[in-house]
Amino acid sequence: MEDLKIKILEHFQHYPESITSRGLMKKLKIKNKKGFYNALNQLKCEGAVSVSKKHRIRPVEKKKTIKAKIVSLSKGFAFARPEDGGEDLFIHVNHLNKAFIGDTVLLKNVKESAKGPSADVHSISEKSSRTITGTLSCGAGLCELIPDGAIRYRLPVEKNSAKHLKDGDKVQAEIHRTPKTSRLSARIVKAYGSSGSAKICADAIIDQYGIKSRFPEEVLEEARKISGQVITEQDLKGRLDLRKTNICTIDGADAKDLDDAIFVSRTKKGYKLGVHIADVSHYVKEGSALDTEALERGTSVYFADRVIPMLPKELSNGVCSLNAGEDKLTFSAIIELDKTGTILSYQFKKSVINSKVRGVYSEVNQLFNKTADAELRKKYAPVIRSLNAARELANILKARSIKNGTVDLESTESKFTLNEEGICIGVESRETGEAEQMIEQLMITANQAAAKFAKENGIPFVYRVHEQPDPERVAALADLVGALGLNAQRLKKDGEIRTADFADIMRQASGTPAQKVISHQLLRTMAKARYDTAPIGHFGLALADYCHFTSPIRRYPDTAIHRILSAMLKTKDKKELVRRYEAFAKVAASESSAAEVRAMQAERSAESCYMAEYMTQHIGECYDGIISGVTQRGVFVELPNSVEGFVPVDSFEGAKFHFDGVITQVDENTGRRLTIGQPLSVQVVAADVASGRIDFVPNIGATE
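What comes next concerns the included structure. (Residues numbered from 1 in each chain as written. Predicted model: local features only at pLDDT ≥ 70, side-chain atom pairs only at ≥ 80, totals over all residues. Heavy atoms only, no water.)

## Quick look at the overall build of the protein chain
- A count of helices and strands for the protein chain gives 19 helices and 34 strands.
- A compact globule built from 704 residues should have a C-alpha radius of gyration of about 27 Å, and the protein chain, at 28 Å, falls within 12% of that.
- The proportion of buried residues among the 704 residues of the protein chain is 49%.
- Taking the intrachain contacts of the protein chain between residues at least 6 apart in sequence as the baseline, contacts between residues at least 24 apart amount to 64%.
- A total of about 35,200 Å² of accessible surface is found on the protein chain, and carbon and sulfur atoms cover 49% of it.
- For the protein chain, the distance from the average site of its 103 positive side-chain charges to the average site of its 91 negative ones is 7 Å. (Helix = DSSP H or I, 4+ residues; strand = E, 2+ residues; numbered from the N terminus. Rg over C-alpha atoms; globule rule 2.2 N^0.38 Å. Buried < 20%, exposed > 50% of the residue type's maximum accessible area, 1.4 Å probe, protein only. Contact = heavy atoms within 4.5 Å. Areas by Shrake-Rupley, 256 points an atom, 1.4 Å probe, with all protein chains shown as cover. Lys, Arg positive; Asp, Glu negative; His and termini not counted. Charge placed at Lys NZ, Arg CZ, Asp CG, Glu CD.)

Right, dumping it as structure tokens:
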């Protein structure tokens, strides 16, 4: 089809006048009628050509349209976000041309006004799903759907579809448009249960984001066959035998998919690091049902009450998991480093290991802080020398990373505690100990070495990239940093921003009330990391070369590069590697980036629901928090347990607040300031599980 599209466009480059579809097909001597009309229809959707009612085709000047996505939908208007960046564009409902939330559209009549840029929808180039999730609101004979996501108004529900359902039920609905109007209605197609349950809302979120929770039977059958395989002499042929080496895994206590193991020893020059990763690509063959499914899923998804794995449990928790005391096939990165943490050499080898200890972060932390009892010390005795060397090396790598300017941001992850009924009864900030940080440093080193290896050999590859932050966002950050009394001069200089400039801001904020807020703002300012076939570097880690090599059980890009590197170990024919994997790497990069965004959005949505469920049990209680955001309408306050809620400015009795447009609300009557990083005592007044919204008011009993 691409060839036909090119042929049609090339014709119009030479003959821009209109022509009938039959005339064009005849002139181009195209005999594949179906293929021609499919190509023509796609060009029409892309806005490259227009087709009249009389089937006359004419080219459309590309400069008159821009590609964008509908990102929010309100009753009388919508907003579209340009694909190439820039400000969102306002679209009046009469100029939506039937576009819906999530649609990729081509915009025309782009113009500026005092209220901001606006445009009209020329055409829809890619339709999103017309199935959404939401909450039923029924009463007084009226039934409406309160949509999840970025549809900002209630939709009438077709009565017959809501029979036997109750007010507050979480549902899935198909959206229909009344012919020749802009009016939308909802037809309920699935009911989940009460929207007051975070678990029920999580079920709906899985559907909302199109996350597959069940594996097709064909995939499960493949997984069952693989799970019954034993390691044969043929499997071991050419592999590095490390079964006698005192290798161990270190993960969370509840982890079942153990995909990385380590061994570190001291050398005359410095250290020898072995990072041994589950050889998933040995089992997940290219083009198999398992491989197709893994590519489509892209990543495992983690909710408070469940994990939706990328691979069936027969692989993720079984044959691929590096369980202690079992022979396991691995892909090893063996890296020599000097005493300053500089990589001297590296090699990648297929291997076989037998982990001596199933390490747990909390236990290793006890070993390091010398609170471990005799039983724990006995458990880790076989690997204690390796752990001590790993600890030394990780500290050197961390210091080197800081010297290079890496930004040390605070963790924003939350930890949830659920009761037997699956109700959230506890929320706290997830703390990372020394063991977690040690493993992170060792994995970063292995990832860096894998990227260097691929780049030096010029093979097709999937890199983990993190681009320079947008200059407009940096300018906004500089205003905020300056308003908080910190030195923002480094952010205001001409030229590229360095990672070290961000690190300097974080160092200034360290130990101040603004530390957490600055960390959040730096994170929001940075570009989103993604996957690409070009080694353009990683801004956040201040590294020129980086990839994801160490988690193939739960991330497809890791599996993809294992496959490519495995092929490279068998052949040095670069042309053959390019032929086999260039297109594959591009698909793996783009699909994995999209899957990561989808999973992250779903995880955050579910977390908001669980936080709200927890706070419904604490209505009326008071907490001391920190102002984490300021808007025209009020301030966001984050509690020490990581829960965030909103305080409207009109809830401050007798106050008349004015927003400075940056980080502060100022009371015109008293001069009182509400600014980012400032402590504020609040009372919980409402929490809505379905939307994840939590409402606070000022705690009037607190001493200012």
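## Brief notes about the packing of aromatic side chains
- Here the structure, examined in full by the defined rule, presents 16 aromatic pairs.
- Aromatic side chains tyrosine 346 and phenylalanine 348 sit 6.3 Å apart centroid to centroid with 65° between the ring planes, which places their arrangement in the edge-to-face category. Assigned by exposure class, tyrosine 346 and phenylalanine 348 land together as buried.
- An aromatic cluster of three or more residues is present, and its members are Phe331, Tyr346, Phe348, Phe453 and Phe549.
- Sitting over the face of the ring of phenylalanine 215, arginine 297 holds its NZ or CZ atom 3.7 Å from the ring centroid.
- Directly above the aromatic system of tyrosine 531 lies the positively charged group of arginine 464, at a separation of 4.6 Å from the ring centroid. (Phe/Tyr/Trp six-rings, centres within 6.5 Å; stacked < 30°, edge-to-face > 60°. Lys NZ or Arg CZ within 6 Å of the ring centre and 35° of its normal.)

## Comments concerning the environment of aspartate 650
- Take aspartate 650: it is sitting in the loop between β29 (644-648) and β30 (657-659).
- Spatially, the C-alpha atoms of aspartate 650 and valine 697 are 9.4 Å apart, while their sequence positions differ by 47 residues.

## Some remarks on empty space enclosed by the protein
- According to the stated counting rule, one finds one cavity of 30 Å³ or more in the structure shown.
- Taken as a whole, the largest cavity spans an internal volume of roughly 60 Å³.
- Leu73, Ser74, Val93, Leu96, Ala99, Tyr153, Arg177, Ser182 and Leu184 are the residues that line the largest cavity.
- Its residues placed into classes, the lining of the largest cavity shows six nonpolar, two polar and one charged. (1 Å grid on protein atoms, 1.4 Å probe; cavity = no way out; pocket = protein on both sides within 12 Å on 5 of 7 lines; lining within 4 Å. Points joined across faces, edges and corners; volume = space filled by probe spheres on them. Nonpolar A, V, L, I, M, F, W, Y, C, P; charged D, E, K, R; others polar.)

## What about the sheet that holds strand β10 (residues 142-147)?
- Across the sheet, which stays open at both edges, the five strands sit in the order β11-β10-β9-β12-β13 with antiparallel pairing between neighbours. Only two strands of the sheet have a single partner each, and these edge strands are β11 (155-156) and β13 (184-194).
- Note that strand β12 (residues 169-177) and β13 share nine bridges and pair antiparallel. Across the sheet, the residue bridging to glutamate 174 is arginine 187, located in β13. (Pairing = 2+ DSSP bridges.)

## Thoughts on a negative patch on the surface
- On the surface, a cluster of negative charge is contributed by Glu87, Glu112, Asp470 and Glu472.
- You can call glutamate 112 exposed: its relative accessible area is 63%. (Patch = residues over 30% accessible without salt bridge, like charges linked within 9 Å, V, L, I, M, F, W, Y side chains within 5 Å. Salt bridge = Lys/Arg side-chain N within 4 Å of Asp/Glu carboxyl O.)

## Observations concerning the sheet that holds strand β31 (residues 664-667)
- With antiparallel pairing, three strands are arranged side by side in an open sheet as β30-β31-β32. Whereas interior strands pair on both sides, the edge strands pair on one side only; in this sheet they are β30 and β32 (673-675). On average, each strand axis in the sheet is inclined to that of its neighbour by 20°, with strand direction left out of account.
- Sheet topology note: the β31/β32 ladder contains three bridges and is antiparallel. In the strand pairing of β32, valine 666 is matched with arginine 673. (Axes fitted to C-alpha atoms, helices over the stretch in contact; angles between N-to-C directions.)

## Section: unusual backbone geometry
- Notably, lysine 29 is not glycine yet its phi reads approximately 55°, a positive angle.
- In this structure, lysine 29 sits in the loop between α2 (21-27) and α3 (33-45).
- With phi around 55°, asparagine 97 is a residue other than glycine that occupies positive phi space.
- Relative to the assigned elements, asparagine 97 resides in the loop between β6 (89-92) and β7 (104-111).
- For asparagine 97, a relative accessible area of 40% puts it in the partly exposed group.

## Things to note about the layout of surface pockets
- A volume near 620 Å³ is recorded for the second largest pocket.
- Around the second largest pocket sit 21 residues that line it, and Arg239, His282, Lys350, Ser566 and Lys570 are the ones nearest its centre.
- Contributing elements (two or more residues each) for the lining of the second largest pocket: α6 (233-236), α7 (280-283), β21 (343-354), α18 (556-570) and α19 (574-615).
- A per-class count over the lining of the second largest pocket returns five nonpolar, six polar and 10 charged.

## Description of helix α13 (residues 434-457)
- With 24 residues, α13 extends 35 Å from end C-alpha to end C-alpha; this agrees with the ideal 34 Å at 1.5 Å per step.
- Of the residues trailing α13, glycine 458 is marked for its positive phi of about 60°. (Expected span 1.5 Å × (residues − 1).)

## Here we look at the state of the cysteines
- What the rule picks out here adds up to one disulfide.
- Residue cysteine 138 pairs covalently with cysteine 143 via a disulfide, S to S 2.4 Å.
- Overall, cysteine 138 belongs to the partly exposed group, its relative accessible area being 29%.
- You can see cysteine 609 has no disulfide; the closest cysteine sulfur is in cysteine 201, sitting 4.5 Å from it.
- Here cysteine 609 falls in the buried class, since its relative accessible area comes to 3%. (Disulfide = S-S within 2.5 Å.)

## A closer look at the packing of helix α5 (residues 217-227) against helix α8 (residues 289-297)
- Where α5 meets α8, the axes come as close as 8 Å, and the angle between the chain directions of the two elements is 120°. Viewed along their axes, α5 and α8 adopt a mutual orientation that is oblique. α8 is crossed by α5, and the crossing has left-handed handedness. Residue-level inspection shows Glu218, Val219, Glu222, Ala223 and Ile226 of α5 in contact with α8, the latter providing Ala289, Leu290 and Glu293.
- When grouped by side-chain class, the residues that make up the contact of α5 with α8 number five nonpolar, no polar and three charged. (Parallel < 35°, antiparallel > 145°, perpendicular 65-115°, else oblique. Left-handed = near helix turned anticlockwise from the far one by under 90°.)

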